Amino acid sequence: MSDLGTALVTGASTGIGAIYADRLARRSYDLILVARDAARLEALATRLRTETGRKVDVLVADLTDRGDVAAVEARLAADATITMLVNNAGMSLTGTLLDSSVDSVERLIALNITAVTLLAGAAGRAFAGRGKGAIVNLASVLALAPERFDGVYSGSKAFVLNLSQSLAPILEPKGVRVQAVLPGATRTEIWQRSGKDIDAFPAEMVMEVDDLVDAALVGFDAGETVTIPPLADDAPWLAMTQTRLGLGPNLSKRDVAPRYRALAPA
């Protein structure tokens, strides 16, 4: 067993998840790789075992299926070697809410919200009980820009950001780190799967997946709760956070705000 323990990575067969698996193995984590594509998982596991000497297990699961999610939850609860969850699996729609099938919307919610929530909960309980661990949730910069893309996808990623920011103050006193990673446009297969052309974006807007994960790990090492790899100047983010927190004392009052009171009849 690695001194760092085992990282369980969802959506590990390709893209961001596969690079997380590579980087964490090279940091001397053992791995549990979770995805639907057994052949790709086995190929990645074989390569990482050969190149890093780490123990790599494969757990084939469709995280839109409640039974498969339960199996991963059970592994998180029972395997005391697991010290990190990378909650990466996700999908987007081929269109918008108005022209997508009900089935595709339900699958997105199941994968991007329900599975992420249940796995974070299972990991949080297990890690808190063990007094150590880390949960890395993959959100998106679109959590901060709902007007720029389909609201179902961006809304699901806003949920992930909200969940992460809520869990952090609960779990960190118990020895458990929580990080939300907000990628911008990143060159992965999610674009092709949702019928979009990543090359339609200006080249300067598209980050390579290796760079994204490496930057996210720098943010993790720095102790960040929210990491936004493309954001060069974090001052606007910090200012927005302070403004948001400043709203807190004024969000729930007995009295209606004056601007919403009906005008007295003349």
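Each residue is numbered by its place in its chain's sequence as written, counting from 1. Totals for whole chains, interfaces and linings use every residue, but because this is a predicted model, local features are given only for residues with pLDDT of at least 70 and side-chain atom pairs only at 80 or more, for both listing and counting. Remark: hydrogens and water are excluded; side-chain values derive from all non-hydrogen atoms of the structure.

> Please clarify how the overall build of the protein should be interpreted in this entry.
Numbering of helices and strands runs from the N terminus, with a helix taken as a DSSP run of H or I at least four residues long and a strand as a DSSP run of E at least two residues long. In terms of helices and strands, the protein carries eight helices and seven strands. Radius of gyration here uses only the C-alpha atoms, and the compact-globule reference equals 2.2 Å multiplied by the residue count raised to the power 0.38. Expected size for 266 residues packed as a compact globule is a radius of gyration near 18 Å; at 20 Å, the protein falls within 12% of this value. Overall size of the protein, expressed as C-alpha extent along the three principal axes, is 80 × 45 × 40 Å. The contact rule is simple, with two residues in contact once any of their heavy atoms fall within 4.5 Å. Pairs at least 24 residues apart make up 68% of the contacts formed inside the protein by residues separated by at least 6 positions.

> Can you help me understand the layout of surface pockets in this one?
Any space left empty among the atoms is revealed by the rolling of a water-sized probe across them. In this model, the second largest pocket occupies a volume close to 400 Å³. Lining residues are defined by having an atom within 4 Å of a point belonging to a cavity or pocket. Those points lie on a 1 Å grid over the protein atoms alone, cavities being sets where a 1.4 Å probe fits but cannot get out and pockets being open sets with protein on both sides within 12 Å along at least five of seven lines. What lines the second largest pocket is a set of 19 residues, and nearest its centre among them are Glu224, Val226, Thr227, Ile228 and Trp237. Elements with a contribution of two residues or more to the lining of the second largest pocket: helix H5 (151-171), helix H7 (209-221), strand E7 (226-227) and helix H8 (235-247). Grid points are joined across faces, edges and corners, and a volume is the space filled by probe spheres set on the points.

> How do you make sense of the nonpolar core when you look at a structure like this?
Note on soluble globular proteins: their nonpolar side chains tend to be buried together. Only buried Ala, Val, Leu, Ile, Met, Phe, Trp, Tyr and Cys residues count toward a nonpolar core, and they belong to the same one when joined by side-chain atoms within 4.5 Å. Accessible area is worked out with a 1.4 Å probe on protein chains only. A residue is then buried under 20% of its type maximum, exposed over 50%, and partly exposed in between. With 44 residues, the main nonpolar core has Leu8, Val34, Leu63, Val72, Leu76 and Phe127 as its most contacted residues. For this core, the elements supplying multiple residues, two or more each, are strand E2 (30-35), helix H3 (66-78), strand E4 (82-87), helix H4 (102-130), H5 and strand E6 (176-181). Sort the elements by how many residues they give to this core and H4 lands first, with 11 residues. Excluding residues within four positions of it along the chain, phenylalanine 127 makes contact with Ile82, Thr83, Met84, Leu85, Lys132, Gly133, Ala134, Ile135 and Val176. Grouped together as the second largest cluster of nonpolar side chains are 31 residues, Ala21, Leu24, Leu44 and Phe220 included.

> Got a minute to help me understand the side chain of threonine 6 in this structure?
Checked against the element boundaries, threonine 6 lands in strand E1 (residues 6-10). Each residue touching threonine 6, except ones within four places of it in the same chain, is listed here: Tyr29, Asp30, Leu31, Ile32, Thr81, Ile82, Thr83 and Met84.

> Is there a simple way to explain the pattern of salt bridges in this structure?
Once the charged atoms of two side chains with opposite charge are near each other, the side chains can pair. Between Lys or Arg on one side and Asp or Glu on the other, a salt bridge is scored when a side-chain nitrogen of the former is within 4 Å of a carboxyl oxygen of the latter. Overall, the coordinates contain 14 salt bridges when judged by the stated rule. Here aspartate 22 makes a salt bridge to arginine 47, at a shortest N to O gap of 3.3 Å. Separated by 25 residues along the polypeptide, aspartate 22 in helix H1 (residues 15-26) and arginine 47 in helix H2 (residues 38-52) bring together distant segments of the chain. For aspartate 22, a relative accessible area of 7% gives the class buried. Counted as one network, the salt bridges with shared partners bring together Asp22, Arg23, Arg26, Arg47, Glu51, Asp210 and Asp214.

> Just to check I follow, could you spell out H4 for this structure?
Because an α-helix completes one turn every 3.6 residues, residues spaced three or four positions apart along the sequence face the same direction. Multiplying one less than the number of residues by 1.5 Å gives the expected span of a helix. Its 29 residues place the ends of H4 40 Å apart at the C-alpha level, agreeing with the 42 Å of an ideal helix rising 1.5 Å per residue. Along H4, the sharpest change in direction is near 35 degrees and occurs at alanine 110. Downstream of H4 by one or two residues, glycine 131 has phi in the positive range, about 80 degrees. Bend at a residue means the angle formed by two fitted axes: the first through the 7 residues ending at that position, the second through the 7 residues beginning there.

> I tried to follow the packing of H1 against H2 on my own but got confused; where do I start?
Between two packed helices, both the angle of their axes relative to each other and the distance between the axes serve to describe the pair. In this description, a line fitted to the C-alpha atoms serves as the axis of each element, helices being fitted only across the stretch in contact, and the angle between N-to-C directions of two axes falls anywhere from 0 to 180 degrees. Put simply, H1 and H2 touch, their axes get as near as 10 Å, and they point 20 degrees apart. In this view, H1 runs roughly parallel relative to H2, as classed from their interaxial angle. Handedness of the crossing formed by H1 with H2: right-handed. Contact residues: Ala18, Ala21, Asp22, Ala25 and Arg26 in H1; Leu44, Arg47, Leu48, Glu51 and Thr52 in H2. An angle counts as roughly parallel when it lies under 35 degrees, as roughly antiparallel when it exceeds 145, as roughly perpendicular when it falls between 65 and 115, and as oblique in every other case. Handedness of a helix crossing follows the sense of rotation of the near helix relative to the far helix, less than a right angle counterclockwise being left-handed and clockwise being right-handed.

> Which parts of the structure should I look at to understand unusual backbone geometry?
Trans is the common state for peptide bonds, and a negative phi is the common state for residues other than glycine. The phi torsion at serine 28 lies on the positive side, around 85 degrees, for a residue other than glycine. Topologically, serine 28 is positioned in the loop between H1 and E2. Classification of serine 28 as partly exposed rests on a relative accessible area of 34%.

> Looking at this model, I keep getting lost on the sheet that holds E1. Mind explaining?
What links the strands of a sheet is backbone hydrogen bonding, and the strands pair in either a parallel or an antiparallel sense. Note on pairing: two strands pair once DSSP finds at least 2 bridges between them. If you walk across this open sheet you meet the seven strands as E3-E2-E1-E4-E5-E6-E7, and the pairing is parallel. Looking at the sheet topology across the chains shown, the edges are occupied by strand E3 (56-60) and E7. When E1 meets E2, the two strands line up parallel, connected through five bridges. Looking across to E2, one finds that leucine 8 is bridged to isoleucine 32.

> Would you mind showing me how to read the packing of aromatic side chains here?
Here the distance between the centres and the angle between the planes together describe a pair of aromatic rings. Note on aromatic pairs: the rings of Phe, Tyr and Trp (six-membered ring only in Trp) are paired at centre separations within 6.5 Å, and the planes decide the class, stacked below 30 degrees, edge-to-face beyond 60, tilted for the rest. For the coordinates displayed, the defined rule picks out one aromatic pair. Between the aromatic rings of phenylalanine 149 and tyrosine 153, the centroid separation amounts to 5.9 Å while the plane-to-plane angle is 80 degrees, which identifies the pairing as edge-to-face. Residue class for phenylalanine 149 comes out partly exposed when judged on its relative accessible area of 24%. Only when the NZ atom of a Lys or the CZ atom of an Arg is both within 6 Å of the ring centre and within 35 degrees of the ring normal do we say a charge sits over the ring. Looking at arginine 177, its charged tip hangs above the ring of phenylalanine 220, at a distance of 4.4 Å from the centre.

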